[in-house]
Amino acid sequence: MPLSSVLSAMPWPFPVRPSLDNLADPELRRLVAMALLAFGFAILFLTIAFTVRRARIAAVLAALVLAFLQAPSLGLLFVPATPTSFRQSPTGFSAASIASGRTVFATTCVPCHGKAGDGVGGLGQVTDLRRPHIWTHPVGDLFWDISHGINEPDGTALMPAFETMLSEQTRWSLIDYVRALNAGAVTRGRGGWPARVLAPSIALTCASVVAHTIADLRGKAVRVILGAPPVPLASVPPVNGIALVTVWLPDGQTEAAPVPGMDCVAQGGTDGALAYAVLAGSADGQVIPARFLIDPEGVLRSVWRKDDGDEWADPGRLLEEVRTICTEPLTIGTGAEHEHHH
Ligand code: HEC
């Protein structure tokens, strides 16, 4: 059994867990590097203490002082943890889970987090779920917060516990929705992705490739067309032998007739269109015309919305993007503005 499944199955017993998150901040990275260097010297001094008799006391003292001074910086390699920090989500970030999370969110969470999840119409900025740092919280920690609520250090409740009110499955779906909502808002606001966001899987009917879901298209570049199909559809030659497969995700209103140039059409109702609309940053869940590119690892890369302007239809730009996602891995911004207090 891989370590991650073992950790997922048992409660985490410590109030902190090892994490490299703090290293995203250059200043904290410098502190940790200095501490590691100092510990290196401390070990060197101890070695000297064992080998050079005359220097023994001085070397041991120097090692102790170094270790003592730098130990707090090594604390930066740990972050607060919850008993479910390492729990993995059972949902697979599927479109169906995102869509069902959205339905529950609308009734249960909107009073405080606002219709668009940005806190507007709710409790304001503290309840904005659209800040990029959400993705730095492991899903297990979000699960803990939603299950057990969030309190001020003095015990005042900020958010109620939903453990007895919502099933475990529902709480995981809410997390999928919050992450999708967040990714949509972040890409819309800053252009880049807040994390490696896997393309939610949906059922497909394909004509020219053998695939039954989006996940079956791993190893290929995938273009997802959300909403009305654009005509004509620019074709893109394979890049490094990687073919571009085009998937149409109709808005659910129109009957999905076969369209020339389209390799696959989504099946299974409106969940797929809804989930991808949220990922495109549609605040109210309306299906907006948009296009996504998914890289051969199944990670969402480019997103264009119709109102982004001309790039949307430029075949040269499309080719350039396909080339990028087939040859370069995703880079993530630091999202360093983590300033909340629990
Ligand atoms: C009574 C108001 C209230 C309700 C209802 C509520 N929340 Fe919250 N929630 C808050 C507040 C306030 C915070 C910010 C706490 C803090 O400052 O750390 C928060 C924080 C969160 C966070 C952590 C955000 C972060 O920045 O780390 C998540 C995730 C979250 N809520 C999800 C939900 C979900 C999902 C629901 C619906 C099941 C929900 N909340 C319902 C008030 C509420």
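Procedures and definitions
Residues numbered from 1 in each chain as written. Predicted model: local features only at pLDDT ≥ 70, side-chain atom pairs only at ≥ 80, totals over all residues. Heavy atoms only, no water. Buried < 20%, exposed > 50% of the residue type's maximum accessible area, 1.4 Å probe, protein only. Helix = DSSP H or I, 4+ residues; strand = E, 2+ residues; numbered from the N terminus. Pairing = 2+ DSSP bridges. Axes fitted to C-alpha atoms, helices over the stretch in contact; angles between N-to-C directions. Disulfide = S-S within 2.5 Å. Donors = N, O, S within 2.8 Å, 3.2 Å for Na, K, Ca; no water. pLDDT = per-residue confidence, 0-100. Contact = heavy atoms within 4.5 Å. Parallel < 35°, antiparallel > 145°, perpendicular 65-115°, else oblique. Left-handed = near helix turned anticlockwise from the far one by under 90°. Nonpolar A, V, L, I, M, F, W, Y, C, P; charged D, E, K, R; others polar. Salt bridge = Lys/Arg side-chain N within 4 Å of Asp/Glu carboxyl O. Lys, Arg positive; Asp, Glu negative; His and termini not counted. Domains from an automatic or database assignment.

K.L.:
What should I look at first to understand the pairing of strand β7 (residues 244-249) in this one?
P.N.:
On a regular strand, each side chain points to the face opposite its neighbour's, so the side chains alternate between the two faces of the sheet. For β7, the buried fraction is high: six of the six residues fall into the buried class. With burial as the criterion, each face of β7 is covered, one bearing Leu244, Thr246 and Trp248 and the other bearing Val245, Val247 and Leu249. As paired elements, strand β6 (residues 221-226) and β7 share six bridges and run parallel to each other. Across the sheet, isoleucine 225 pairs through a bridge with tryptophan 248, a residue of β7. Where β7 meets strand β8 (residues 264-266), two bridges bridge the pair, whose relative direction is parallel. Along β8, the bridge assignment pairs valine 247 with cysteine 264.

K.L.:
Even after reading the chapter, I still don't get the sheet that holds β7, so can you show me in this structure?
P.N.:
Each strand in a sheet pairs with another by means of backbone hydrogen bonds, the pair being arranged parallel or else antiparallel. One open sheet accounts for six strands, arranged β5-β8-β7-β6-β9-β10; its pairing is mixed. Edge positions in the sheet fall to β5 (204-206) and β10 (300-305), since each of these pairs with one other strand and no more. Each adjacent strand pair in this sheet contributes to an overall mean axis angle of 20 degrees, direction not counted.

K.L.:
How should I be thinking about unusual backbone geometry in this particular structure?
P.N.:
Glycine aside, a negative phi is what most residues show, and trans is what most peptide bonds show. Even without being a glycine, phenylalanine 93 presents a positive backbone phi close to 50 degrees. With a phi close to 50 degrees, asparagine 240 is a non-glycine residue in the positive phi region. Within the fold, asparagine 240 resides in the loop between β6 and β7.

K.L.:
Explain the state of the cysteines here, please?
P.N.:
Structurally, a disulfide amounts to a covalent bond that connects the sulfur atoms of two cysteines. Per the stated rule, a full pass over the model turns up one disulfide. Across a sulfur-sulfur distance of 2.2 Å, cysteine 206 and cysteine 264 are joined as a disulfide pair. The sign of the S-S torsion, about 105 degrees, decides the handedness of the disulfide formed by cysteine 206 and cysteine 264: right-handed. A residue pair is termed long-range when its members are at least 10 positions apart, and cysteine 206 in strand β5 and cysteine 264 in strand β8 qualify at 58 residues. Take cysteine 206 and cysteine 264: they sit in the same class, and that class is buried.

K.L.:
Help me out: how do you make sense of the coordination of the iron atom of the ligand in this one?
P.N.:
Expected angles at a metal are 109.5 degrees for tetrahedral coordination by four donors and either 90 or 180 degrees for octahedral coordination by six donors. The protein atoms that coordinate the iron atom of the ligand are His113 (NE2) and Met159 (SD), at distances spanning 2.0 Å. Accessibility expressed as a relative area gives 18% for methionine 159, which makes it buried.

K.L.:
I'm lost on the confidence of the model for the protein chain in this one. Help?
P.N.:
Caution applies to low-pLDDT regions: their predicted coordinates should not be interpreted in detail. With 94% of its residues at a pLDDT of 70 or more, the protein chain shows a mean pLDDT of 88. Within the model, pLDDT remains below 50 along residues 334-342, and this stretch shows 13 contacts once partners closer than five positions in the same chain are excluded.

K.L.:
When you look at the environment of tyrosine 177 in this model, what are you seeing that I'm missing?
P.N.:
Tracing the sequence through the fold places tyrosine 177 in helix α7 (residues 168-190). Classification of tyrosine 177 by relative accessible area gives buried; the value is 3%. Through-space distance from the C-alpha of tyrosine 177 to that of serine 100 is 8.1 Å; in sequence the pair is 77 residues apart.

K.L.:
Mind showing me how you'd approach the packing of helix α6 (residues 139-148) against α7 here?
P.N.:
Between two packed helices, the angle of one axis relative to the other and the distance separating the axes together describe the packing. Interaxial distance between α6 and α7 falls to 10 Å at its minimum, and their mutual angle equals 120 degrees. When the axes of α6 and α7 are compared, the pair comes out oblique. α6 and α7 meet at a crossing whose hand is right-handed. Each of Val139, Gly140, Leu142, Phe143, Ile146 and Ser147 in α6 lies in contact with α7, whose residues at this interface are Glu168, Arg171, Trp172, Ile175 and Arg179. A breakdown of the residues in the contact of α6 with α7 according to their chemical character gives six nonpolar, two polar and three charged.

K.L.:
Is there a simple way to think about the pattern of salt bridges in this case?
P.N.:
Two side chains bearing opposite charge may form a pair once their charged atoms approach each other closely. A complete count under the given rule lists five salt bridges for this structure. Note that arginine 301 and aspartate 295 form a salt bridge whose closest N and O atoms lie 3.0 Å from each other. The same class applies to arginine 301 as to aspartate 295, namely buried. Its salt-bridge partner being arginine 317, residue glutamate 321 comes within 2.8 Å of it at the nearest N-O pair. Here glutamate 321 pairs with arginine 317, and both are found in helix α9 (residues 315-327), just four residues apart, close to one helical turn. Take glutamate 321: its relative accessible area is 16%, and that puts it in the buried class.

K.L.:
Is there a simple way to explain the side chain of arginine 223 in this structure?
P.N.:
Of note, arginine 223 is situated in strand β6. For the buried arginine 223, no salt bridge is present, and the opposite-charge side chain at shortest range is aspartate 263, 6.6 Å distant. Beyond its immediate sequence surroundings of up to four residues, arginine 223 is in contact with Leu233, Ala234, Leu244, Val245, Thr246, Val247, Phe292, Leu293 and Leu318.

K.L.:
In this structure, what is going on with the domain arrangement of the protein chain? I would like to understand it.
P.N.:
It is common to give the size of an interface as the accessible area lost on bringing the parts into contact. Looking at the assigned domains, one finds that the protein chain contains domain 1 (16-80), domain 2 (95-190) and domain 3 (204-327). The C-alpha-based centres of domain 1 and domain 3 are spaced at 50 Å.

K.L.:
What should I look at first to understand the pairing of β10 in this one?
P.N.:
The buried count for β10 comes to six of six residues, which makes it a mostly enclosed element. As judged from the five bridges shared by strand β9 (residues 290-294) and β10, these two strands associate in the antiparallel manner. Bridging from a neighbouring strand, leucine 293 pairs with serine 302 of β10. Taken together, β9 and the strand that follows it, β10, pair antiparallel across an intervening segment of five residues, in which glycine 298 is found at a positive phi of about 85 degrees.

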